[in-house]
Amino acid sequence: KGETVYDLLVRAAAENGLKLSTKNTQFGIYISGINNIDEFDVGKELGWTSGWVYYVNGEFATHSCGKYEIKQGDDIVFTYSCNDYN
């Protein structure tokens, strides 16, 4: 009870030996890298943006993972997103 998506991600990363990179922002904790795959690693030279996003129960989360309290049975998925904004 009271555990956030961020808490769960930190625990899962530690249990699996994955490096986790974060930034504190005005909106909360931002995941900038998982297992050495970091924001802007893909497509920057093409004008793309890329980085980590997460979904809870199949729905795109719209706020910091450090503020999203999980409930028993929630399905949480982090994915690396690449977008062309040209």
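Here the structure is shown first, and the text comes after it.
Residues numbered from 1 in each chain as written. Predicted model: local features only at pLDDT ≥ 70, side-chain atom pairs only at ≥ 80, totals over all residues. Heavy atoms only, no water.

Student: Tell me about the nonpolar core, and name the residues and values.
Tutor: Grouped together as the largest cluster of nonpolar side chains are 12 residues: Val5, Tyr6, Leu9, Ile31, Ile34, Trp52, Tyr54, Val56, Ala61, Cys65, Ile70 and Tyr80. Elements with a minimum of two residues in this core: helix H1 (5-15), strand E2 (28-34) and strand E4 (48-56). Not counting the four nearest positions on each side in its chain, Val56 is found in contact with Val5, Tyr68, Asp74, Asp75 and Ile76. (Core = buried A, V, L, I, M, F, W, Y, C linked by side-chain atoms within 4.5 Å. Buried < 20%, exposed > 50% of the residue type's maximum accessible area, 1.4 Å probe, protein only. Helix = DSSP H or I, 4+ residues; strand = E, 2+ residues; numbered from the N terminus. Contact = heavy atoms within 4.5 Å.)

Student: Account for the side chain of Ser32, naming residues and giving values.
Tutor: Tracing the sequence through the fold places Ser32 in strand E2. You can call Ser32 buried: its relative accessible area is 7%. The contacts of Ser32, once residues within four sequence positions are left out, are Ser21, Thr22, Lys23, Ile37, Asp38, Glu39 and Trp52.

Student: Just give me the short version of the packing of aromatic side chains, but keep the residues and values in it.
Tutor: Evaluated as defined, the whole model comprises four aromatic pairs. When the centroid spacing of 5.3 Å and the interplanar angle of 75 degrees are considered together, the rings of Trp52 and Tyr80 count as edge-to-face. Residue Trp52 is found in strand E4, and its partner Tyr80 is found in strand E6 (residues 76-84); the two are separated by 28 residues along the sequence. Residue classification places Trp52 among the buried residues on the basis of a relative accessible area of 16%. Taken together, the ring pairs connect Tyr54, Tyr68 and Phe78 into an aromatic cluster. (Phe/Tyr/Trp six-rings, centres within 6.5 Å; stacked < 30°, edge-to-face > 60°.)

Student: Before we move on, could you go through the pairing of E2 and cite the residues and values that matter?
Tutor: Every regular strand shows the same layout, with side chains that alternate between the two sheet faces. Among the seven residues in E2, five count as buried, and that is most of the element. Here strand E1 (residues 20-25) pairs with E2 via six bridges, running antiparallel. What sits directly across from Thr22, in E2, is Ile31. The hairpin formed by E1 and E2 contains two residues between the paired strands. When E2 meets strand E3 (residues 37-38), the two strands line up antiparallel, connected through two bridges. Its bridge partner being in E3, Gly33 is matched across the sheet by Asp38. Between E2 and E3, which pair antiparallel and follow one another directly, the connecting turn spans two residues, one of which, Asn35, has a positive phi of 55 degrees. (Pairing = 2+ DSSP bridges.)

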